[in-house]
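Secondary and tertiary structure notes
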Amino acid sequence: MEYKYPKFTPEMKRTHTILIPNMAITQFRLLRYALTYDGYKCEILGNCGSEVAQLGLKYVHNDTCYPALLVIGQFLDALNSGKYDLQHTALLITQTGGGCRASNYIHLLRKALEKAGYGYIPVASLNFSGLEKDSGFSMTIPLARRALACVFYGDLLCSLRNQVKPYENEPGAAEAMVEQWVARLGQTLLAGKGYTAHEMKRTFPAIAKDFAGIGVTRSPKVKVGVVGEIYVKYSPLGNNELQKFLEQQGCEVNFPGLMGFVQYCIYNMGEDHVLYGGAGGIKMGTDLFLRYLDGVERAMLKAQKNAGFYAPGPFTELTEKPAGVISMGAKMGEGWLLPAEMVELVQGGYCNIVCAQPFGCLPNHIVGKGVINRIRALYPAANITPIDYDPSATRVNQENRIKLMLAVAKERLSGGAPEAAPVTAEQLAGGAPEAGKTPATV
């Protein structure tokens, strides 16, 4: 007999608490305020530990990708905890609309709930691409605008925090500033404000100014960038608290912003028209949307630079980075965005890169590992190490591999080598540099 899954109805908006798996912590904490303003009762899950993965393995096929195992395990662990009224609980999961697990494991989750005895709990979908059309959870334009604002604010807070924390004179000052601004922005969002382009552009400089006011003592640090599959890249549960580990090793860490992935997904919708033809209206719509996001993004990056912080180039420049490395037609999973972020990081001085590779993410493995040699040829200073994350991989082994990368980085740093010099798209397209003309060094 076919399983008829329960639907999240509009009435449940008032009666149910929605559980949300954690990924990008700061961005998701702000997103909770946006959902609360829209009338939803939400809780961001924080339960972690090996038991979460083991619970996922119990109810999902072991060949399923690692992020799916973790998210489903986290949901089931929360439902087993006894903290929630299960008759008035729903689950929320994101869907990007692509061909990877981000679109498809909502069905795995529903099957796991049925097997675990929770088949009556509805699952809602958060997406921008019209999936799950019969769901009572609707992504309205006002909610979408607030959600995008949460991503912009979260990206800025994370970037500034990561550039201050390794050098702060008063331990915990950067983290405290993040907490202060999350609370402040949360109240602003609950008041129905703070999400328009004008308001964001006015708020960005104030945030950057506050972080610039934190006392720091600058000293040479190993700079490490993190790329990879979106969930494992950001989630402490998915990457075994990678950021915390790198900071304990004395590194300055750079996680490219979540907005880059959002723009990547939108851009690819228009790129489909360029590559394969079809309705021109979609291309026009995506171009207009990206133009709006570009204006806000440039204001955010300008606020960072004006306050004395590093800021990457806007997304329009990021689309030029894959030239000479990979085709823009590589759009499955993180696709061309992954090598583009590697190039961006190396050009920005973050030559040491951890590429987080989850089990079961075939596009991520092919693209992530496949471009490393090409990037190293173009940037001899690129110190890239792919790290596999799966249920059988031990944390000790992962951290030891990262330590080997850091040993090389520290040796280069102690040698006084300069940061990477920018390389243009024309140079990339021209192929690897000639002998004696190294475009980038640590």
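Here's a quick rundown of the structure. (Residues numbered from 1 in each chain as written. Predicted model: local features only at pLDDT ≥ 70, side-chain atom pairs only at ≥ 80, totals over all residues. Heavy atoms only, no water.)

Notes on the overall build of the protein
Helices and strands together make up the secondary structure of the protein, namely 18 helices and 8 strands. For the protein, the exposed area adds up to about 18800 Å²; of that, 55% sits on carbon and sulfur atoms. (Helix = DSSP H or I, 4+ residues; strand = E, 2+ residues; numbered from the N terminus. Areas by Shrake-Rupley, 256 points an atom, 1.4 Å probe, with all protein chains shown as cover.)

Here we look at the environment of Ala393
Along the polypeptide, Ala393 turns up in the loop between β8 (383-389) and α17 (395-414). Among the residues examined, Ala393 registers a relative accessible area of 25% and is labelled partly exposed. Apart from residues no more than four positions distant in its own chain, Ala393 is found in contact with Asp388 and Gln398. (Buried < 20%, exposed > 50% of the residue type's maximum accessible area, 1.4 Å probe, protein only. Contact = heavy atoms within 4.5 Å.)

So, the packing of aromatic side chains
One pass over the full model with this rule turns up 9 aromatic pairs. For the pair Tyr267 and Trp336, a centre-to-centre distance of 5.6 Å together with 75 degrees between the ring planes defines the contact as edge-to-face. Pair noted here: Tyr267 is in helix α11 (residues 258-276) and Trp336 is in the loop between α13 (315-318) and α14 (337-347), with a separation of 69 residues, a long-range link. In this pair, the class of Tyr267 matches that of Trp336, namely buried. Joined through ring pairs, the aromatic side chains of Phe261, Tyr264, Tyr267, Phe315 and Trp336 make up one cluster. The ring centre of Tyr40 lies 4.8 Å from the NZ or CZ of Lys13, which sits over that ring. (Phe/Tyr/Trp six-rings, centres within 6.5 Å; stacked < 30°, edge-to-face > 60°. Lys NZ or Arg CZ within 6 Å of the ring centre and 35° of its normal.)

Observations regarding the environment of Lys193
Structurally, the position occupied by Lys193 is in the loop between α7 (173-190) and α8 (197-212). Taking the C-alpha atoms as reference points, Lys193 and Arg146, 47 residues apart in sequence, are found 9.0 Å from one another. Non-local contacts of Lys193, meaning those with residues more than four positions away in its chain, are made with Thr188 and Glu199.

Some words on the sheet that holds strand β1 (residues 17-20)
Spatial ordering of the open sheet is given by β2-β1-β3-β4, a layout of 4 strands whose pairing is parallel. Edge strands, defined here as strands with exactly one partner in the open sheet, are β2 (41-44) and β4 (123-126). Ignoring which end each strand starts from, the neighbouring axes of this sheet average 30 degrees apart. In this sheet, β4 lies alongside strand β3 (residues 89-94) in parallel orientation, the contact comprising 4 bridges. Considered in β4, the bridge of Ile93 is made with Ser125. Packed onto the sheet, helix α2 (residues 25-37) meets β1, β2, β3 and β4 and runs at close to 175 degrees relative to β2. Strands in contact with helix α4 (residues 66-80) are β1 and β3; relative to β3, the strand with the most contacts, it is inclined by about 165 degrees. (Pairing = 2+ DSSP bridges. Axes fitted to C-alpha atoms, helices over the stretch in contact; angles between N-to-C directions.)

Brief notes about the nonpolar core
If you look at the biggest cluster of nonpolar residues, it comprises 121 residues, and the most contacted ones within it are Phe204, Phe211, Leu246 and Ile402. If one sorts the elements of this core by residue count, helix α6 (residues 141-164) sits on top with 12 residues. With near-sequence residues (within four places) excluded, Phe204 lies in contact with Phe152, Tyr153, Leu156, Val296, Ala299, Met300 and Ala303. Residues Val346, Cys351, Ile372 and Ile384 belong to the second largest nonpolar core, which totals 20 residues. (Core = buried A, V, L, I, M, F, W, Y, C linked by side-chain atoms within 4.5 Å.)

Some thoughts on the pairing of β3
Of all 6 residues in β3, 5 are buried, a share of seventy percent or more. Where β1 meets β3, 3 bridges bridge the pair, whose relative direction is parallel. From the neighbouring strand, Leu19 faces β3, where its bridge partner is Leu91.

Regarding the sheet that holds strand β5 (residues 222-228)
Spatial ordering of the open sheet is given by β6-β5-β7-β8, a layout of 4 strands whose pairing is parallel. Each edge of the open sheet is held by one strand with a lone partner, namely β6 (251-254) and β8. Taken pair by pair, the neighbouring strands of this sheet meet at an average axis angle of 25 degrees, ignoring direction.

Thoughts on α11
Residues that lie three or four places apart on an α-helix share one face, since the helix turns once every 3.6 residues. Taking 1.5 Å of rise per residue, the 19 residues of α11 would be expected to cover 27 Å, and the 27 Å separating its terminal C-alpha atoms lies within 8% of that figure. Three or more residues of α11 are buried, namely Leu258, Met259, Gly260, Phe261, Gln263, Tyr264, Ile266, Tyr267, Asn268, Gly270 and Glu271. In this structure, the buried side of α11 is in contact with α2, α6, α9 (230-234), α12 (280-306), α13 and α14. Phi turns positive, to about 85 degrees, at Gly277, one or two residues after α11. (Expected span 1.5 Å × (residues − 1).)

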